[in-house]
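Structure assessment
Chain residues, written in single-letter form:
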Amino acid sequence: MGLGLNEGAVELMVNLNYKSYPVIISPALLEKAGGIVNANLADVSKCVIITDRVVGGLYSNSLERSLEGQGIHAASIWIPEGEEAKSWNEAGDLIGSLIDMGVDRRSLIIALGGGVVGDISGFVAAVYLRGVRLIQVPTTLLAQVDSSIGGKTAVNHEKGKNLIGVFKQPNVVLIDPGVLKTLPLRELKSGLAEVVKYAVIADAELFKIIEAEADRLINGEIRAFSKIVPRCCRVKIAFVEQDERDEKGIRAALNYGHTVGHALEAVSSFGIRHGEAVAIGMEVAAKISTSQGLMEEEDFEEQHVLFKRLGISTKLPNIDPITLVEYMHRDKKAERGSIRLVLPTGIGEKPVIRPVEDALILKTLEELRSNEA
Ligand SMILES: NC(=O)c1ccc[n+]([C@@H]2O[C@H](COP(=O)([O-])OP(=O)(O)OC[C@H]3O[C@@H](n4cnc5c(N)ncnc54)[C@H](O)[C@@H]3O)[C@@H](O)[C@H]2O)c1
Ligand SMILES: [Zn+2]
């Protein structure tokens, strides 16, 4: 690649015609960012890094140094950490700062952070001056395997999450698994639930790797993450390439565990992390699949045991199942009266999307109340 990347660096391509872009995965990538910007983007006038206070404190210096080292003028804007910052007001403030900093059409925005920073920065990069160039540098496991790839951006409205947004494919995605060493265990596990999701819906070999690496993953060993992150990115990329704007029902398979998951997140007022909720949603969907003869009992058990080994609880928190089902009906996926769920058909097998009776969902949720924590 001529950029002095480490051995073991992986470069994947998201093929979307004129919007195609590389996803580069390698340890110690932040220090190489300047060279990568110059190699991939012509004529960058200046670069603004958008990050949050936690990630900024940890990593914005080394990113700025790398850019300045390659002659690219760089400055950072820090937003508060957490979901609250993903708001219309914060986006307006960010745009105000970009204007004050003289950011123009030749400038570059770099989103350095988790999904929150990635989503709001992507949104701002899409609308500011009708669009400026964007690099995603995801720093949570969830952002590395999911939100940084695929171009979905959003801010929240007080009436609901992700209600305002556009598609904005980045120009490059830079993934440094090394930054996961500072990620809190709870965030790491939340991301691991999505990793298990990819394995179940599309990659049986990945499932085996997670099983083999389970202890190292929960100990935060970077070498284990370097194995699984590229495999997950490959799965995500394949779905995005087939269904860029989530219109053909193909990308919908990525919602495995998410219908029940979103309900849990909302009803708990986001006291539950996204991945924690998705894991419970996957347990519900897999249980329903086996009860309908769509998946072998054995496959359900394998998923259940893997969550356990990763220390991810599939016990239903103290929330009334009826409230959850009511929420699911209000959610956008409940078309024509019945709740549609992504139902797995086996480990690594293509899932199906089917309407499921309320009574069966309620019964399954009840059963999860007695799962061990
Ligand atoms: N665009 C998409 O396709 C897509 C997909 C999935 C989720 N999302 C969105 O992503 C958001 C959730 O993202 P998230 O789970 O990454 O959470 P997050 O961005 O809130 O990050 C979680 C916490 O970890 C901290 N953090 C991040 N990287 C760190 C690091 N390397 N070391 C130490 N601390 C670090 C952050 O400061 C934050 O406090 C949600 O808003 C969700 O809607 C978007
Ligand atoms: Zn998700």
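This paragraph deals with the overall build of the protein. Scanning the protein from N- to C-terminus turns up 13 helices and 11 strands. With respect to the principal axes defined by its C-alpha atoms, the protein has extents near 60 × 45 × 35 Å. For the protein, the residues scored as buried account for 47% of the 373 residues in total. Long-range contacts, defined as pairs at least 24 residues apart, comprise 73% of the intrachain contacts of the protein with a sequence gap of at least 6.

The assigned domain composition of the protein is domain 1 (10–181) and domain 2 (197–368). On a C-alpha basis, the centres of domain 1 and domain 2 stand 27 Å from each other. Taken together, the contacts link 21 residues of domain 1 with 18 residues of domain 2. Mapped by element, the contributors of at least two residues to the side of domain 1 that touches domain 2 are β1 (10–14), β2 (21–25) and α5 (141–147).

Spatial strand order, β1-β2-β9-β6-β5-β3-β4: seven strands in an open sheet with mixed pairing. Edge positions in the sheet fall to β1 and β4 (74–79), since each of these pairs with one other strand and no more. Neighbour-to-neighbour, the strand axes of the sheet open up by a mean angle of 20 degrees, direction not taken into account. Bridge count between strand β3 (residues 47–52) and strand β5 (residues 108–113): five bridges; the pairing is parallel. Within the sheet, the bridge partner assigned to I49 lies in β5 and is I110. Its contacts with the sheet place helix α1 (residues 33–40) against β2, β5 and β9 (172–175), and it is angled at close to 160 degrees to β9. Packing against the sheet, helix α8 (residues 222–242) makes contact with β1, β2 and β9, and its axis sits at approximately 10 degrees to β1.

Bringing the nonpolar core into the picture now. Ranked by size, the top nonpolar core spans 107 residues in total, and within it I109, I110, L112, L174, L192, V195 and A199 carry the most contacts. With 10 residues, helix α6 (residues 185–202) is the single largest residue contributor to this core. Both domains that meet at this core, namely domain 1 (10–181) and domain 2 (197–368), each give it at least three residues. When neighbours within four sequence positions are excluded, L112 is seen to be in contact with I49, T51, V55, Y59, S60, L63, V117, V137 and T139.

Moving on, we come to the environment of L5. Examined against the element boundaries, L5 turns out to sit in the segment before β1. For L5, a count of 19 C-beta atoms within 10 Å corresponds to the partly exposed category. Each C-alpha atom, one on L5 and one on I25, is 9.6 Å from the other, the two residues being 20 residues apart in sequence. L5 has contacts with S26 and K32, leaving out every residue within four places of it along the chain.

What counts and how
- Residues numbered from 1 in each chain as written.
- Chains lettered and ligands numbered in written order.
- Predicted model: local features only at pLDDT ≥ 70, side-chain atom pairs only at ≥ 80, totals over all residues.
- Helix = DSSP H or I, 4+ residues; strand = E, 2+ residues; numbered from the N terminus.
- Buried ≥ 20, exposed ≤ 12 C-beta atoms within 10 Å, placed from the backbone.
- Contact = placed C-beta atoms within 7 Å.
- Domains from an automatic or database assignment.
- Pairing = 2+ DSSP bridges.
- Axes fitted to C-alpha atoms, helices over the stretch in contact; angles between N-to-C directions.
- Core = buried A, V, L, I, M, F, W, Y, C linked by C-beta atoms within 7 Å.

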